[in-house]
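# Remarks on the overall topology
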Amino acid sequence: MNPANADLHCHSTVSDGLLAPAVIVERARANGVDLLALTDHDEIGGLDEAAAAAAVLGLRFIAGVEISVSWGDDQTVHIVGLNFDQRHPELVAGLARVRGGRDKRAGRMAEELAKVGIDGAYAGALKYVGNPALISRSHFARYIVERGFAPDVKTVFDHWLAKGKPGYVSHPWAELSEALGWIKAAGGIAVVAHPGRYRLTPAERRELFVAFKNLGGEGIEVVSGSSNDAEIREFAGIAREFGFLASRASDFHGPGESYIDLGRMAQLPPDLKPVWADWV
Ligand code: AMP
Ligand code: MN
Ligand code: MN
Ligand code: MN
């Protein structure tokens, strides 16, 4: 198949997105997307609703997930899994384990935020949570905006929630080998999400690509919602050098909270092999 507008990375209320899975699908369709994957953080509970909505609209829908991975010296990287068997027990159990630590982490984040004068953050964040198993920094950010401490979510991350800031709590996510193992066991393709967004030196970034490739990783988001032209050129070069499949991904979270809307990204450089090339 040869989609005109593939978007293989976005979020719903099942993780930290603002729209329900079916609403994401309708919005994607309205934006001209003809191949869509929903990739909630560590969670596949929205896939059935999204697939049903897509079937009604005749939109091609692919199972997806964005797995949180601990990497190197307390870094977090995100690995997207695509086109897998969402009932595969290894994947299901692995994701449940990664999600399992989030609530405790949220409690610790609230304690740290209270120390810098932001009280009630656990209960406050919960008001924005659509899925009790999936409380994330984004939900805290929305509460902190609501309290008037910052004008928008991005500013909240810059001041309180990014690594090194007072509300940041380091957390053990999945190992890279585990995330790839689960995705591959379930028959899926693993993709490095938004490779330009990690605070890694060029040498460290290359180490990540080497390790990912050695573990059987196949793809990289060459075009991501937040990427500029220079980054697209850089990661197209990485795809060519490593023989990675190329993905195209908005990372849409909701109106007003995302760099770009569903399906509105640049096209992939035409010489690259897209991740969807072999999907029939
Ligand atoms: P968590 O998985 O709970 O650590 O939350 C990670 C999520 O926070 C990401 O998927 C983004 O949605 C959001 N996020 C991380 N950094 C930023 C940032 N600088 N600005 C806005 N949102 C961010
Ligand atoms: Mn997110
Ligand atoms: Mn991500
Ligand atoms: Mn994402």
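That block above? That's the structure.
Computed from a predicted structure; not experimentally measured.

### Some remarks on helix H9 (residues 202–214)
Across its 13 residues, H9 extends 18 Å between first and last C-alpha, which sits within 8% of the 18 Å expected from 1.5 Å per residue. Among the residues of H9, those classed as buried are Arg205, Leu208, Phe209, Ala211 and Phe212. With its buried residues spanning 165° around the axis, H9 presents them on a single face. Exposed side chains of H9 directed beyond 90 degrees from the buried face belong to Ala203, Glu207 and Asn214. The elements touched by buried residues of H9 are strand S3 (60–71), strand S4 (75–82), helix H8 (176–185), strand S5 (189–192), strand S6 (219–224) and helix H10 (229–242).

### What about the coordination of the manganese ion (ligand 4)?
Put simply, the ideal angle at a metal is 109.5 degrees for four donors in tetrahedral geometry and 90 or 180 degrees for six donors in octahedral geometry. The manganese ion (ligand 4) binds to the protein through His9 (NE2), His11 (NE2), Glu66 (OE) and Asp251 (OD); the donor distances cover 2.1 to 2.2 Å. Between consecutive donors of the manganese ion (ligand 4), the numbers of intervening residues give the motif H-x1-H-x54-E-x184-D. Residue classification places Asp251 among the buried residues on the basis of a relative accessible area of 8%.

### Side note on the site of ligand 1
Taken together, Asp16, His41, Arg102, Arg105, Ser136, Arg137, Ser138, Val153, Lys154, Phe157 and His253 make up the full set of residues near ligand 1. Measuring from an oxygen atom of ligand 1, one finds a side-chain N or O atom of Arg137 at 2.8 Å. Within the side chain of His253, an N or O atom sits 2.9 Å from an oxygen atom of ligand 1. Considering ligand 1 on its own, with 500 Å² of exposed area, one finds that the protein chains cover 79% of that surface. Of all the elements in the fold, those that place two or more residues in the shell around ligand 1 are helix H4 (102–115), helix H6 (137–146) and helix H7 (153–161). Element by element, the count of residues in the shell around ligand 1 is highest for H7, at three residues.

What counts, and where the lines are drawn
- Just so you know, the residues in each chain are numbered from 1, in the order the chain's sequence is written.
- Chain A is the first chain written and ligand 1 is the first ligand written, with later ones labelled in order.
- Under the rules for a predicted model, residues below a pLDDT of 70 receive no local features and side-chain atom pairs below 80 are neither given nor counted, while totals for whole chains, interfaces and linings still include all residues.
- With hydrogens and water excluded, all non-hydrogen atoms of the structure serve as input to the side-chain values.
- Secondary structure follows DSSP: runs of H or I at least 4 residues long count as helices, runs of E at least 2 residues long count as strands, and numbering of each begins at the N terminus.
- In this scheme, a helix's expected span is set at 1.5 Å multiplied by one less than its residue total.
- Think of it in three bands: residues with accessible area under 20% of the maximum for their type are buried, residues over 50% are exposed, and the middle band is partly exposed, with areas taken using a 1.4 Å probe on protein chains only.
- An arc is given here, and it is the one of the directions from the helix axis to the C-beta atoms.
- Whether two residues are in contact is decided by their heavy atoms: any pair within 4.5 Å suffices.
- Atoms are scored as donors when they are N, O or S and lie within 2.8 Å of the metal, with 3.2 Å used for Na, K and Ca; no water is included, so coordination may look incomplete.
- Residues are classed as near a molecule or strand on a simple rule: at least one heavy atom within 4 Å of it.
- For this analysis, a polar contact is any N or O atom pair within 3.5 Å, provided that within protein one partner can donate a hydrogen and the other can accept it, and provided that sequence-adjacent residues contribute only side-chain to side-chain pairs.
- Exposure was quantified through the Shrake-Rupley algorithm and a 1.4 Å probe, taking into account, for residues, occlusion by the shown protein chains and nothing else.

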